[in-house]
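Now for the letters of each chain:
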Amino acid sequence: MAVWIQAQQLQGDALHQMQSLYGQHFPIEVRHYLSQWIEGQPWDGIDLENPQEEIKAKRLLDSLIQELQKKAEHQVGEDGFLLKIKLGHYASQLKSTYDRCPLELVRCIKHILYTEQRLVREATNSSSPVGSLMDSMSQKYHQINQAFEELRILTQDTENDLRKLQHNQEYFIIQYQESLRIQAQLSSLATLPPADRQLREPSLLSKRATVEAWLTREANTLQKYRLGLAEKHQKTLALLRKQQTVILDDELIQWKRRQQLAGNGGPPEGGLDILQSWCEKLAETIWQNRQQIRRAEHLRQQLPIPGPIEELLTELNSTITDIISALVTSTFIIEKQPPQVLKTQTKFAATVRLLVGGKLNVHMNPPQVKATIISEQQAKALLKNENTRNDSSGEILNNNCVMEYHQTTGTLSAHFRNMSLKRIRRSDRRGAESVTEEKFTILFESQFSVGGNELVFQVKTLSLPVVVIVHGSQDNNATATVLWDNAFAEPGRVPFIVPDKVLWPQLCEALNMKYKAEVQSNRGLSEENLVFLAQKAFSSSSVNPEDYRNMTMTWSQFNRESLPGRNFTFWQWFDGVMELTKKHLKPHWNDGAILGFVNKQQAQDMLMSKPNGTFLLRFSDSEIGGITIAWVAENPNKAGERMVWNLMPYTTKDFSIRSLADRISDLNHLLFLYPDRPKDEVFSKYYTPPLCKIERLKSFKIIYSKEQYEPIHENELNLPS
């Protein structure tokens, strides 16, 4: 249904809002009679910030006027006669208003259509919570765009006032010069004979009195104009601060948080194009207002009039400088983070970007960016503005890069492609803290000027925490530190403080996110899987998820203290499972063939009710990165009795020799994958053709002990050939 038809059905406040969109700038009658044509034009295809698009806008304006004239010509009868005159008048009015600025017509109609669509959507979704939720993002974006439109109008208004003030002041100066000329003439009368002086003096005195009276009145008027302009600028700057807070403290911080969670396997943080367009609009509006305030200050200096305006302008100038400084320093960001587990002597990359670089013409003199690695303590000192004496905690090779401007995208960024950490200097560790718990950060810093060296900025930004390792064996524990930090860091924290303990459900969310990303699977951890993990983490036997809702897990429990009876931590066990699944078991996990998170007793309870030969796959409790097969079969030592057998765990080393599917194929006594699926139905698509019967037998041989079946590798046996 056409938007205009739906818009006419609005009621109450929504109808009032819709009606307020129209006026002399765009009459509602034009919207009504040309509704179908208006909604069919490519208004969104025109970039309002690109002056070259003015040709397209002019074409649309001409077409709109032609459509109006055509509509007017087709009106007949008495009522048609009046409408014909009215539509013809509107055609002339729109041409007069927008002929020199056709982009303003496009801006106007885009705003009207966008607002109508929003009002219709809100009315349609008002009874639907889901619809309202889905629409919240577009509403937020609309509010931001609406604030920009208000800022544009305010800035245009102060520009007009400033021009009027300048015109009035120039006329005042002319009149002031006239008063000086009159005064000079009066002074020269002293040289004339008394008769001549008496003849000319009254006229000059009268003129002087008139001019001085006018100057006094006009000086008061100018002062009012100046104060009025300053008050309008105060209003504009207040709205600018508010808009900047929404964009930098809400939207940009949320983007950074998404970027941090992406480091744990969360969804990608998304592009920066929308954020950059907002920041550029902020920069443009701030700069326009700054120039206006400077011009107002110049006018005051040109014609000083006693009053509070000097103090007001000083305050405005200080405020606008603070606003632009906050914008520039906050929009110097890391688009692509360096790896958070950083191995020495290994090449790595990062990208930094200045979101307002193009708009402020920073690229005209491309700045250089320097990267330095600093410790957590140095980062704290830096944020407190303490003198760190240019300290670093290591040496990075290829750590300087010039920012490049990309004309097509309008981005100004520095791509560090070949950095390498040559060496690291560690600080004294606290208590039980290991080297893989020590956090560093990459500091990126630069300096540049804007506005022809009017303002010079020193900008700095810190990467997400980095854990430095020197050997691949440290990767597991370093990843734990990064996972905990990314998941539980709070906005605005002191570097790099994180809670020592978190609620179990919070940790579950982080583990599930990481697992799905590492395994590259849409099949995450089920509630049953998470209960199993809780049992392991807390040495509990409860199978009720609710029992764990309010339990907390400390960092020490997570990756400092070994699990009871084991020589590895909870995280090390979980990470081993992820690595094994990622490298060798991914298709089987995605197929649902691996239950995985099941303990030995649960496996026994599940299998004892199933036919002999039923088996399941579960992750080993006793070995990091191991998976075992449990199956039900007859007890060879006791006729008529059945029992569950477990193979020794397979690891990455085993699967590098022969895949899981082939090993299951080798074991003829495995018949059904739990609960009741024939094994060939599940695994046959993954079998590799056997080279020969002997090779198959050599690949895997089993003996049976009295208590359980355990696979023993061929080199551990003396088997007959």
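Source: prediction; values computed, not measured.

Novice: Please provide a residue-by-residue account of the overall build of the protein, values included.
Specialist: Within the protein one finds 22 helices and 20 strands. Its C-alpha radius of gyration of 38 Å places the protein more than 25% over the 27 Å reference for a compact globule of 721 residues. The C-alpha extent of the protein, read off along each of the three principal axes, is 150 × 80 × 50 Å. Of the contacts made within the protein by residues no fewer than 6 positions apart, 68% connect residues no fewer than 24 positions apart. Accessible surface, the protein as shown: approximately 37400 Å² in total, 50% of it carbon and sulfur.

Novice: Please provide a residue-by-residue account of the packing of aromatic side chains, values included.
Specialist: In total, this model carries 27 aromatic pairs according to the counting rule given. Plain terms: the ring middles of Trp4 and Tyr22 are 6.2 Å apart, the flat faces sit at 80° to each other, and that makes the pair edge-to-face. Taken as a pair, Trp4 in helix α1 (residues 3–7) and Tyr22 in the loop between α2 (12–19) and α3 (28–33) lie far apart in primary sequence, 18 residues in all. Tyr22 shares its class with Trp4; the two are buried.

Novice: Got a sec to walk through the packing of helix α9 (residues 194–262) against helix α11 (residues 309–330)? Specific residues and values, please.
Specialist: What describes two packed helices is the angle between their axes and the distance between those same axes. Here α9 crosses α11 at 15°, and the two axes come no closer than 10 Å. Regarding the angle of α9 to α11, the classification is roughly parallel. Helix-helix and strand crossings are classified by hand; for α9 and α11 the assignment is left-handed. Considered class by class, the residues forming the contact of α9 with α11 number 13 nonpolar, 6 polar and 5 charged.

Novice: Any details on the pattern of salt bridges? Residues and values, ideally.
Specialist: Within the structure shown, the criterion is met by 38 salt bridges. A salt bridge links Arg426 to Glu438; the shortest N-O distance between them is 3.4 Å. Pair noted here: Arg426 is in the loop between β8 (411–424) and β9 (440–450) and Glu438 is in the loop between β8 and β9, with a separation of 12 residues, a long-range link. On the basis of relative accessibility, which here comes to 25%, the residue Arg426 falls in the partly exposed class. Among the residues examined, Glu438 registers a relative accessible area of 4% and is labelled buried. Ionic contacts of the salt-bridge type, sharing partners, join the residues Lys514, Glu518, Glu579, Lys582 and Lys583 into one network.

Novice: Explain the sheet that holds strand β6 (residues 400–402) to me, and be specific about the residues and the numbers.
Specialist: Taken together, 4 strands build an open sheet; the order of strands is β6-β4-β9-β10 and the sheet is antiparallel. Lying at the two open borders of the sheet, with one neighbouring strand each, are β6 and β10 (455–462). For this sheet, the mean angle separating the axes of adjacent strands, direction not counted, is 25°. Sheet analysis places strand β4 (residues 368–375) next to β9, joined by 7 bridges and oriented antiparallel. Among the inter-strand pairings, Lys370 is bridged to a residue of β9, identified as Glu445.

Novice: Describe the packing of helix α13 (residues 475–488) against helix α14 (residues 504–519), and please don't skip the residues or the numbers.
Specialist: Contact geometry for α13 and α14: axes closest at 10 Å, N-to-C directions at 120°. Here α14 runs oblique to α13, going by the angle between their axes. In the packing of α13 onto α14, the handedness of the crossing is right-handed. Listed contacts from α14 to Thr479, Leu483, Trp484, Ala487 and Phe488 of α13 are Gln506, Leu507, Ala510, Leu511 and Lys514.

Novice: Describe the environment of Lys336, and please don't skip the residues or the numbers.
Specialist: Topologically, Lys336 is positioned in strand β1 (residues 332–336). On the accessibility criterion, Lys336 (45% relative accessible area) is partly exposed. Separated by 179 residues in the primary sequence, Lys336 and Asp157 place their C-alpha atoms 41 Å from one another. Once residues lying within four places of it in the same chain are set aside, the contact partners of Lys336 are Gln259, Ala349, Ala350 and Thr351.

Novice: I'd like to hear about the nonpolar core, residue by residue, with values.
Specialist: Counting residues in hydrophobic clusters, the biggest one holds 80 residues, and the most contacted among them are Ile247, Phe416 and Phe444. With 14 residues, the single largest contributor to this core is α9. Look past the residues within four positions of Phe444 in its chain and what remains in contact with it is Phe332, Ile334, Ala350, Val352, Val369, Lys370, Ala371, Phe416, Met419, Val459, Lys460 and Thr461. Counting residues in each nonpolar core, the second largest holds 59 residues, with Ala487, Phe532, Trp645 and Leu647 among its members.

Novice: Tell me about unusual backbone geometry, and please be specific about residues and values.
Specialist: The peptide bond linking Pro495 to Phe496 adopts the cis configuration, its omega dihedral lying at -20°. Among the secondary structure elements, Phe496 is positioned in the loop between α13 and β12 (501–503). Residue Pro675 is bonded to the preceding Tyr674 through a cis peptide linkage, with omega at 5°. Along the chain, the position of Pro675 falls in the loop between β17 (672–673) and β18 (677–678).

Novice: An account of the sheet that holds strand β16 (residues 642–646) is requested, with residue identities and associated values reported.
Specialist: In space, the 5 strands of this open sheet follow the order β16-β15-β14-β17-β18, with mixed pairing throughout. Both edges of this open sheet fall to β16 and β18, since each of them pairs with a single strand only. Strand direction decides the pairing type here: β17 and β18, joined by 2 bridges, are antiparallel. Paired with Leu673 across the bridge in β18 is Arg677. Across the face of the sheet, helix α17 (residues 570–591) comes into contact with β14 (614–619), β15 (627–634) and β18 while running at roughly 140° to β14. The strands that helix α18 (residues 600–607) touches are β14, β15 and β16; relative to β14, the one it contacts most, it runs at about 160°.

Novice: Provide a residue-level description of the confidence of the model for the protein, including the pertinent values.
Specialist: As a general rule, the predicted coordinates of low-pLDDT regions are not to be interpreted in detail. Scored by pLDDT, the protein has a mean of 86; 92% of the residues are at 70 or more. Least confident of the elements in the protein is strand β19 (residues 702–704), whose mean pLDDT is 38; most confident is β14, at 95. Across residues 127–134, where pLDDT falls below 50, the model places 2 contacts with residues more than four positions away in sequence or in other chains. Contacts for the low-pLDDT stretch residues 696–721, under 50 throughout, to residues beyond four places or in other chains number 46 contacts.

Novice: Which residues make up the pairing of strand β5 (residues 394–397), and what are the values?
Specialist: Of the two faces of β5, only one is covered, namely that formed by Gly394 and Ile396; the face formed by Glu395 and Leu397 stays uncovered. As defined by bridge partners, β5 adjoins β8 across 4 bridges and the pair is classed as antiparallel. The residue of β8 that forms the bridge with Gly394 is Ile424.

Novice: Explain the environment of His471 to me, using residue names and the numbers behind them.
Specialist: Counting through the fold element by element, His471 comes out in the loop between β11 (467–469) and α13. Measuring from C-alpha to C-alpha, the distance between His471 and Thr344 comes to 8.3 Å, with 127 residues separating the pair along the chain. Among the polar contacts listed, one links the side chain of His471 to the side chain of Ser473, at a separation of 2.9 Å.

Each value, and the rule that gives it
- Residues numbered from 1 in each chain as written.
- Predicted model: local features only at pLDDT ≥ 70, side-chain atom pairs only at ≥ 80, totals over all residues.
- Heavy atoms only, no water.
- Helix = DSSP H or I, 4+ residues; strand = E, 2+ residues; numbered from the N terminus.
- Rg over C-alpha atoms; globule rule 2.2 N^0.38 Å.
- Contact = heavy atoms within 4.5 Å.
- Areas by Shrake-Rupley, 256 points an atom, 1.4 Å probe, with all protein chains shown as cover.
- Phe/Tyr/Trp six-rings, centres within 6.5 Å; stacked < 30°, edge-to-face > 60°.
- Buried < 20%, exposed > 50% of the residue type's maximum accessible area, 1.4 Å probe, protein only.
- Axes fitted to C-alpha atoms, helices over the stretch in contact; angles between N-to-C directions.
- Parallel < 35°, antiparallel > 145°, perpendicular 65-115°, else oblique.
- Left-handed = near helix turned anticlockwise from the far one by under 90°.
- Nonpolar A, V, L, I, M, F, W, Y, C, P; charged D, E, K, R; others polar.
- Salt bridge = Lys/Arg side-chain N within 4 Å of Asp/Glu carboxyl O.
- Pairing = 2+ DSSP bridges.
- Core = buried A, V, L, I, M, F, W, Y, C linked by side-chain atoms within 4.5 Å.
- pLDDT = per-residue confidence, 0-100.
- Polar contact = N/O pair within 3.5 Å; in protein donor to acceptor, adjacent residues only side chain to side chain.

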